[in-house]
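Summary of structural features
Chain by chain, the residues run as shown.
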Amino acid sequence: MLKDILGGGAASVLTVTFGLSYALLIFAGPLAPFLSYGVAATFISSAILAGVIAVGSSLPYAVAGPESSTAAMTGIMASSMVEHIVAADPSAPLLAPVLVTLALATVLTGIALCGFGMTRMGRAIRYVPYPVVGGFLGATGCLILLGAVRVITGQRLQFATLGQFEDTLTLSKLAAACVMAFILYTTWHRSRSSFGLPVILIGGVIAAHVMFWLAGVSLAEAQAAGWTFQPPPHVTLMSPWSVDALRRYPWRLLPDLSGNLIAVVFVTATCTLFNTTGIEVVTHREANLERELNVTGLANMLSGVFGGYTGCISISRSVLNFNSGGTGPLSGLTVAAISLLMLVFAPSLLGYMPKFVLGGLLIYLGVDALHKWIIQSRRRLSFTEYLSLLAIIVIIVQWGFIAGILIGVVIGCATFALSASRIDSIKFSFDGSEYRSSLDRSREQLVVLAAHGGCIQGLNLQSYLFFGSANRLYQHVKALLARHPECRFLVFDFKLVTGVDSSAAYSFAQIKRVAHDRGIRLVLVNLDAATEKTLRSSEFVSNEVSIMPELDHALEWCENEIVAQHEGRSDEEASLRDWFVRILGSEEDAMELIHRCERLEVRAGDVIVSAGHAADSMHFILDGRVGVMIPAGDGGLTRVRSLGRYTTVGEMGLVTGAPRNATIQAEVASVLYVLSINQFEAIKTENPVLSQKLLTFFVMVMAERLTFANRLIGVLRR
């Protein structure tokens with residue numbers, strides 16, 4: 001118990017010092033005459049927060065109270081309220097509306113925190129992008145720094161008021177505060193001694209009064225010159241919930257203050273979670289986040305009911321108490337008791353407090369926050385994230401916290417989308433010649449698979465697929481199929497995919513169209529229910545797409561299809577090679593042409609090409625028979641010519657580019673090899689000799705058909 005009381009006493013020094021600083025920060029400018037009410041609200045808040053959280057926290061040595069970030073947000077809200085009231089009516093009373101606003105914001109903050117704790121939504125705050133949190137807290141540090149200047153000089157630091165800072169006395173006060181901040185940085189900031197900060201602050205007060213004595217300046221003269229604070233006559237307690245105060249309250253201004261209110265809730269919740277996590281790291285104890293949110297919410301509701309303002313668990317005070325030996329809730333209750341005593345002693349204490357001591361503490365806190373989030377964070381953030389953090393700080397300082405949060409979240413989401421789109425959605429790729437199923441096969445089948453393994457192309461996908469990464473996948477597939485025109489099966493393994501959005505499903509639909517145009521079968525494996533539902537909703541999954549439970553089964557099925565297609569094809573390929581050798585006069589050119597062609601099997605009655613369509617290919621008929629059909633007078637088709645084995649069709653259109661003038665239809669089941677216009681153009685560019693041989697062959701074919709036509713005309717003219 002003695003250790004708890006001593007630890008709580010040490011933490012109380014920080015609570016008193018911080019409390020006075022925060023009261024001055026909130027009740028500044030037009031609210032300065034009401035500082036006594038601010039001091040009362042501060043120590044009521046400190047007492048209630050410290051007592052309730054000490055009893056209910058999952059960390060029994062926790063010490064709570066107003067924090068720099070929460071006090072800064074409270075001060076901004078109070079200042080905004082004053083500006084709205086003065087703009088509407090310069091003679092309107094200020095104190096009662098401000099106290100009602102602070103109490104109302106505190107109660108609503110407590111309700112929100114309890115809601116976060118009971119629904120476990122508090123953890124969602126940890127999903128806010130890190131640059132947004134950094135920009136938010138960095139802007140808070142900037143506002144604390146500006147508030148410190150106002151506490152020390154009584155003037156706002158703005159471009160319009162720069163002339164008021166040329167006074168020697170004002171510059172001397174700022175210089176003294178900067179020296180105090182520098183001392184705090186060079187001593188306590190680096191050592192983090194448990195009692196360092198209380199000793200430095202008390203030493204600063206004593207040193208200031210020694211300097212006043214040596215300079216022959218009395219306490220009254222120091223107060224008149226603005227070196228110390230004018231002590232309020234007494235700490236005044238005022239309930240914000242009086243009927244008269246609520247009746248006269250300008251409720252019409254609440255919509256204008258909603259942004260600041262949301263910012264207070266966000267800052268308090270964020271500080272609660274971050275400070276709790278920080279204490280866990282320092283003390284090596286685990287906390288219950290939901291319980292901390294609930295207890296902090298209850299403490300804030302009680303603080304608001306009694307006229308206080310927001311606060312939360314404090315890292316510096318809790319760690320100081322823990323290092324001083326405090327291990328139980330009696331430490332927090334000690335802080336609460338001393339805070340209540342300060343309602344009596346604060347006025348006289350404030351009269352002896354030099355402004356530059358508390359102002360220096362505020363400058364140190366503001367600069368420390370700016371250094372942490374502007375300087376140190378640069379090492380942890382990418383260049384884009386760091387720029388977004390700076391942009392959020394500027395936006396918050398210029399246009400407010402709500403604009404900064406909203407724009408920051410948008411920037412964070414855009415940055416994440418950009419970064420995620422750069423992650424390769426393909427972990428690795430493979431083809432059927434290097435990655436096969438576990439099925440043992442005969443030597444003959446292995447030879448077939450070795451020769452035609454490129455017909456199977458596989459992609460092992462990873463991460464979350466959305467519009468950016470999915471479009472890159474689509475572009476990769478198009479390039480893959482261009483490099484491997486022999487591909488007949490395209491396998492997608494979704495085992496490492498965490499999700500697919502609707503825009504990614506659209507990219508898969510594009511892949512399906514490209515595959516269909518090339519006669520490629522799509523095979524999907526390891527597809528979870530959610531991903532399959534998304535792909536089905538976009539009509540990507542159909543009869544043309546095969547779904548397999550695992551990759552090994554999918555590869556076995558593809559291999560069986562290839563083996564079935566090629567087991568009896570050796571004679572066919574030999575026949576095709578012999579035919580092309582007779583045409584071209586070279587086995588090398590024959591193999592080149594075979595590689596350029598695509599095999600096509602058709603059934604009897606299938607239409608191979610239609611009249612009027614673009615002539616984008618020619619067909620080598622290896623087996624079967626096709627008919628050349630033209631429109632008849634009765635609306636049907638009439639066969640004008642029939643083509644059998646070792647004949648060609650479509651070569652004239654391939655050369656001239658004119659639309660097809662006839663429909664080609666299979667009369668029996670046939671096997672054709674198709675030479676597309678793209679492959680023909682590639683031959684002309686890459687192999688001019690083969691191109692010349694093909695053109696010569698085309699001329700010979702057309703000459704033979706022209707001779708036949710002339711003979712037919714001669715017979716008909718007899």
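Residues numbered from 1 in each chain as written. Predicted model: local features only at pLDDT ≥ 70, side-chain atom pairs only at ≥ 80, totals over all residues. Heavy atoms only, no water.

**Points about the pattern of salt bridges**
Pairing between side chains of opposite charge can happen when their charged atoms approach one another. This model, assessed by the stated rule, comprises 16 salt bridges. We note a salt bridge from arginine 603 to aspartate 606, for which the minimum N-O separation is 3.7 Å. Residue class for aspartate 606 comes out partly exposed when judged on its relative accessible area of 24%. Taking the shortest distance from any N to any O, the salt bridge between arginine 625 and glutamate 667 comes out at 2.5 Å. Within this pair, whereas arginine 625 is found in the loop between β10 (617-623) and β11 (626-631), its partner glutamate 667 is found in the loop between β14 (663-666) and β15 (670-676), the two being separated by 42 residues in sequence. Judged by its relative accessible area of 24%, glutamate 667 falls in the partly exposed class. Look at the salt bridges and you will find they share partners, linking Asp244, Arg247 and Arg248 into a network. (Salt bridge = Lys/Arg side-chain N within 4 Å of Asp/Glu carboxyl O. Buried < 20%, exposed > 50% of the residue type's maximum accessible area, 1.4 Å probe, protein only. Helix = DSSP H or I, 4+ residues; strand = E, 2+ residues; numbered from the N terminus.)

**Here's the deal with the packing of helix α2 (residues 35-56) against helix α11 (residues 289-305)**
Their axes nearest at 9 Å, the elements α2 and α11 cross at an angle of 150°. Between α2 and α11, the angle falls in the class roughly antiparallel. Where α2 crosses over α11, the two elements pack in a sense that is right-handed. Contacts between α2 and α11 involve Ser45, Ile48, Leu49, Val52, Ile53 and Gly56 from the first element and Arg291, Val295, Thr296, Leu298, Ala299, Asn300, Leu302 and Ser303 from the second. (Axes fitted to C-alpha atoms, helices over the stretch in contact; angles between N-to-C directions. Parallel < 35°, antiparallel > 145°, perpendicular 65-115°, else oblique. Left-handed = near helix turned anticlockwise from the far one by under 90°. Contact = heavy atoms within 4.5 Å.)

**Remarks on helix α21 (residues 551-566)**
Counted at 1.5 Å a residue, the expected span for α21 with its 16 residues is 22 Å, and the 23 Å between its end C-alpha atoms agrees. For α21, the set of buried residues is Leu551, Ala554, Leu555, Cys558, Glu559, Ile562, Val563 and His566. The buried residues of α21 occupy an angular sector of 165° when projected down its axis, which confines them to one face. (Expected span 1.5 Å × (residues − 1). Arc of directions from axis to C-beta.)

**Some remarks on the sheet that holds β14**
Pairing in this open sheet of 4 strands is antiparallel, and the strands run β9-β14-β11-β12 from one edge to the other. The open sheet has two free edges, formed respectively by β9 (607-609) and β12 (637-643), since each of these has just one partner strand. With strand direction ignored, the average angle separating the axes of adjacent strands in the sheet is 35°. Judged from the 4 bridges that link them, β11 and β14 form a sheet pairing that is antiparallel. Looking at β14, one finds that methionine 629 is bridged to threonine 663. (Pairing = 2+ DSSP bridges.)

**A few points about the side chain of threonine 272**
Note on placement: threonine 272 falls in helix α10 (residues 254-283). Not counting residues up to four positions away in its chain, the partners in contact with threonine 272 are Glu292, Leu293, Thr296, Cys312 and Ile313.

**Concerning the packing of aromatic side chains**
The final tally for this structure, using the stated rule, is 16 aromatic pairs. Through successive ring pairs, a cluster of aromatic residues spans Phe492, Phe494, Phe508 and Phe540. Looking at arginine 378, its charged tip hangs above the ring of tyrosine 386, at a distance of 5.3 Å from the centre. When the ring centre of tyrosine 646 is taken as origin, the NZ or CZ atom of arginine 582, which lies over that ring, is 5.4 Å away. (Phe/Tyr/Trp six-rings, centres within 6.5 Å; stacked < 30°, edge-to-face > 60°. Lys NZ or Arg CZ within 6 Å of the ring centre and 35° of its normal.)

**Observations regarding the pairing of strand β5 (residues 489-500)**
Most of β5 sits out of view: 9 of its 12 residues are buried. Bridge count between strand β4 (residues 456-465) and β5: 9 bridges; the pairing is parallel. Bridge pairing links serine 463 to valine 497 in β5. Handedness of the β-α-β unit built from β4, helix α18 (residues 467-483) and β5 comes out right-handed. Two elements, β5 and strand β6 (residues 521-525), share 5 bridges in a ladder whose sense is parallel. (Right-handed = clockwise from strand over helix to strand, strands pointing away.)

**Considerations on the nonpolar core**
Grouped together as the largest cluster of nonpolar side chains are 85 residues, with contacts concentrated most on Phe27 and Phe356. For this core, the element with the most residues is α2, which contributes 10 residues. Ignoring sequence-local partners within four residues, the contact set of phenylalanine 27 consists of Ala32, Phe34, Leu35, Gly38, Leu95, Leu99 and Leu102. In terms of nonpolar packing, the next biggest core, distinct from the first, is built from 30 residues, Ala470, Phe494, Val500 and Val541 among them. (Core = buried A, V, L, I, M, F, W, Y, C linked by side-chain atoms within 4.5 Å.)

**Overview of the environment of alanine 530**
For alanine 530, the position within the fold is in helix α20 (residues 529-537). Exposure remark for alanine 530: the relative accessible area of 53% places this residue in the exposed category.

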